[in-house]
Every structure is written in structure tokens, then in C-alpha cells.
Amino acid sequence: MPKRFPSVSGNARILVITSGGTIVQKYDEANQGYIPKLSGKELFESLSVDIDLETIELYEYAMIDSRSVDLDFLHGLAKLVQLRIRDEAIDGIVIVHGTDTMEITAYFLHRTIDSPDKQIVITGSMRVINNHDYDGRANISNSIRQACAYESTKHAYGVSINFAGNIHSPVHVIKQHSFAVDPFTSGSLFGAIGMIRPNSIVWLNNPKESLVIPLPSRLQSVPIVYAFPGATVDCLDGYANKFKAIVIVAYGSGNVNENMYYAIKNVIESGVKVVLVTNCRYGGVYAEYGGLGGNQSLRDIGVIMADDLNPYQAMTVASLVIGNDKLPPDFPIHVYFKNSICDLDE
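Parameters and conventions
Residues numbered from 1 in each chain as written. Predicted model: local features only at pLDDT ≥ 70, side-chain atom pairs only at ≥ 80, totals over all residues. Heavy atoms only, no water. Pairing = 2+ DSSP bridges. Helix = DSSP H or I, 4+ residues; strand = E, 2+ residues; numbered from the N terminus. Axes fitted to C-alpha atoms, helices over the stretch in contact; angles between N-to-C directions. Contact = heavy atoms within 4.5 Å. Buried < 20%, exposed > 50% of the residue type's maximum accessible area, 1.4 Å probe, protein only. Right-handed = clockwise from strand over helix to strand, strands pointing away. Disulfide = S-S within 2.5 Å. Patch = residues over 30% accessible without salt bridge, like charges linked within 9 Å, V, L, I, M, F, W, Y side chains within 5 Å. Areas by Shrake-Rupley, 256 points an atom, 1.4 Å probe, with all protein chains shown as cover. Salt bridge = Lys/Arg side-chain N within 4 Å of Asp/Glu carboxyl O. Core = buried A, V, L, I, M, F, W, Y, C linked by side-chain atoms within 4.5 Å.

(A) Region of interest: the sheet that holds strand β5 (residues 92–96). Spatially, β4-β1-β5-β6-β7-β8-β11-β12 is the arrangement adopted by the eight strands of the open sheet, whose pairing is mixed. Lying at the two open borders of the sheet, with one neighbouring strand each, are β4 (56–64) and β12 (201–203). Going across the sheet, the axis of each strand differs from the next one's by a mean of 20°, ignoring polarity. Here helix α2 (residues 71–85) sits on the sheet and contacts β1 (14–20), β4, β5 and β6 (119–123); the angle it forms with β4, its principal contact strand, is near 170°.

Take a look at the structure:
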């Protein structure tokens with residue numbers, strides 16, 4: 001059992017990292033809209049929730065709208081969390097983040113940080129602080145409760161999203177609604193891994209444990225390109241000299257039309273790694289169909305089949321493993337393009 005370092009109140013010590021998002025936004029006349037303005041200290045002072053602030057350490061990592069999340073943000077945040085999660089005086093971490101790219105950040109941390117004994121909980125809000133239905137107060141309170149609870153480590157392996165009373169695994173969660181106060185879902189097939197009750201946390205299932213990837217010195221920029229009916233054989237040529245990898249979102253189990261096949265073949269021959277994912281919510285990609293553009297033909301020319309990863313997840317893994325200076329030069333990077341350690345032998 002991890003050691004709980006007692007505060008004066010006897011509660012766990014939680015590091016809260018703020019990065020911006022709707023939860024810290026206020027209206028700005030000059031910009032004619034809402035922008036991040038509240039510091040971490042101002043945020044907690046305004047919440048008026050039943051939280052013992054003596055047990056909270058605040059760290060303001062950024063003050064941005066999450067649409068501005070870039071590779072430097074992700075790399076820096078991962079380094080910070082890796083450092084602080086090893087601090088024996090910290091029992092857990094809560095990250096305050098905007099919802100637009102919350103699932104991307106959650107998955108990035110999930111694949112770069114091994115923390116079975118301490119929770120890393122990501123939360124935010126869909127409403128600004130002066131809205132009558134402001135949801136940030138409950139989301140932060142619930143996230144701190146989760147991070148403080150030792151039983152959480154038995155159910156939520158490392159990183160999770162706590163939002164609107166539900167706890168989601170980074171592997172299955174997506175933002176499905178642009179303005180609802182409960183915008184995230186883990187789908188009907190998997191569902192949330194937990195739910196917050198007034199006096200307890202109900203755990204519903206255990207999340208997948210994924211292979212952790214060593215954080216490289218720098219990340220690769222990896223574009224995502226969807227297969228489309230009007231594809232031409234040269235539609236990917238512009239990527240060849242700019243990027244080391246591309247994610248292709250294919251139809252069904254990993255199929256494209258004949259022109260897209262030749263476009264993919266061309267960039268592979270120029271040295272670009274091509275990662276294949278499906279446009280479907282479930283099922284993943286697998287080699288089954290023949291003919292030019294069928295998934296078997298794509299596998300045969302060297303496309304990396306990204307199993308059940310969604311486009312953003314495949315982009316995340318590719319940005320981490322392509323050119324990773326912490327991996328041996330001949331390491332079979334395809335093993336990282338799976339969401340479950342249990343699938344590695346398949």
C-alpha cells in the first residue's frame with residue numbers, strides 16, 4: 001500500500017496542475033469572448049468546495065485554451081508528471097484541462113507514465129465559472145476524492161478522466177458532444193470504469209493496461225489523413241518531405257480505394273511510416289480483404305496496422321515511437337500500436 005503522508009487534517013496530499021481551459025475562463029472585452037484568466041489559486045478560492053486546501057499543492061503549468069495544445073505542451077506535461085508522481089510527499093495528481101483535447105492529453109500520459117500506485121486524474125468543465133450550471137466545482141471535488149482514495153489504484157490504472165460523475169479510461173473515452181455538461185463517453189461496448197456517488201466511488205470494470213513508451217527527447221509531428229472517394233495517386237505527395245509518419249483513417253477494417261493505395265505506396269517508398277486505423281468506433285483494423293486497397297495489400301507494402309487504436313491514439317503513439325532515441329534502432333515499434341498488453345502475442 002502506498003504511504004499516505006498525513007497533513008494536519010490527516011488527509012492525502014494532492015498536487016493540482018492547472019493548464020487552462022473553460023474552467024478558468026472569464027469574459028474578456030478586448031477579445032469579445034471567454035479566455036483563460038483565473039490562476040490556480042483564484043480558481044480554488046472561487047470554488048467554495050469542501051476541500052482542505054492545506055492538503056493541496058497548486059502548480060500552474062499553462063494558461064491556454066486546450067485547442068492550443070501542441071507537442072511541446074504534451075512533452076513538458078509528461079516530464080512534469082513523471083517527476084512529481086515519484087515524489088513520496090505526493091499521493092496523487094489532478095490535472096485541470098480544457099475538454100477539446102482532454103482525451104488526447106489523457107492518452108498521451110497513459111502511454112508515457114507508469115503509475116499503478118498513484119492516481120493521475122484529469123478534469124475540467126464545460127461551463128464558465130459565472131454560469132448558473134457551472135460544473136467545475138463538482139468535477140474538481142470528485143477528482144480530488146478519487147485521487148485521495150487508495151481503492152482507486154485497484155481499479156483505475158494510472159491515468160483517468162473524471163467528469164460529470166463518471167470515471168473514464170483514456171483507452172476508450174471520446175468527447176462526443178460539443179456543449180453538453182456530460183460530453184464524454186466510453187461507448188456502449190465498454191462504458192465508464194467508475195461512477196461517483198455522494199459518499200463513495202462505484203467501480204464498474206478495470207481499464208486496459210497499455211505498454212508504456214519511453215518519453216523521447218522530442219516528439220514527431222504526425223498528420224492524420226482520412227481516406228476519401230476523390231483520392232488521387234499523388235494526394236499524399238506533399239507529406240513525403242515534411243513528415244516521418246502519417247496516420248491513414250481507412251474504411252471499415254482498414255481498406256482504401258485503388259488511388260489511395262498507390263498514394264500510400266508512394267510515401268512508404270519515400271521513407272514515410274504509414275499507420276492504419278479504422279473510421280469505425282469499434283473493431284479495429286486487421287488483414288482480411290484482398291485486391292489493391294484491401295487491408296491485406298496495405299499490410300504487404302509495410303503499413304503498420306494499429307489494431308483498435310483510434311486516429312488520435314495512433315497519432316500519439318506514432319509521435320512517441322518514430323525516431324524515439326530511447327528505443328533501440330531495430331526495435332519492432334509495431335508492438336506499441338495496441339491498447340492492451342494482453343494483445344501483444346496476437
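(B) Inspection of the sheet that holds strand β14 (residues 245–250) at higher detail. Spatial strand order, β13-β14-β15-β16: four strands in an open sheet with parallel pairing. Single-partner strands in this sheet number two, and they are β13 (224–226) and β16 (304–305). When β13 meets β14, the two strands line up parallel, connected through three bridges. Looking at β14, one finds that Ile224 is bridged to Val247. Running over the sheet, helix α8 (residues 311–321) touches β13, β14 and β15 (273–278) and is turned about 155° from β15.

(C) Representation of the pairing of β5 in the model. Burial runs high along β5: five of the five residues are buried. Of the two faces of β5, both are covered, the one formed by Gly92, Val94 and Val96 as well as the one formed by Ile93 and Ile95. With helix α3 (residues 102–112) bridging β5 and the parallel β6, this β-α-β connection has right-handed handedness.

(D) Broad picture of the state of the cysteines. Taken as a whole, this structure holds zero disulfides when the rule is applied. In this model Cys280 remains outside any disulfide bridge; the closest cysteine sulfur is found in Cys235, 20 Å from its own. Judged by its relative accessible area of 37%, Cys280 falls in the partly exposed class.

(E) Structural view of a nonpolar patch on the surface. On the surface, a cluster of nonpolar side chains totalling about 270 Å² of accessible area is made up of Leu189, Phe190 and Tyr282. Along the chain, the position of Leu189 falls in helix α5 (residues 187–190).

(F) Unusual backbone geometry, seen in detail. A positive phi is found at Ala164, a non-glycine position, where the angle reads about 55°. One can find Ala164 in the loop between β7 (159–163) and β8 (166–168). Here the phi dihedral of Asp307 falls at roughly 50°; this positive angle occurs in a residue that is not glycine. Here Asp307 shows up in the loop between β16 and α8.

(G) Quick look at the nonpolar core. Ile95, Val321 and Phe337 are the most contacted members of the largest nonpolar core, which has 52 residues in total. Ranked by the residues each element gives to this core, the list is headed by α2, at seven residues. One finds Ile248, Ala263, Ile264 and Leu276 within the second-largest nonpolar core, a separate group that totals 22 residues.

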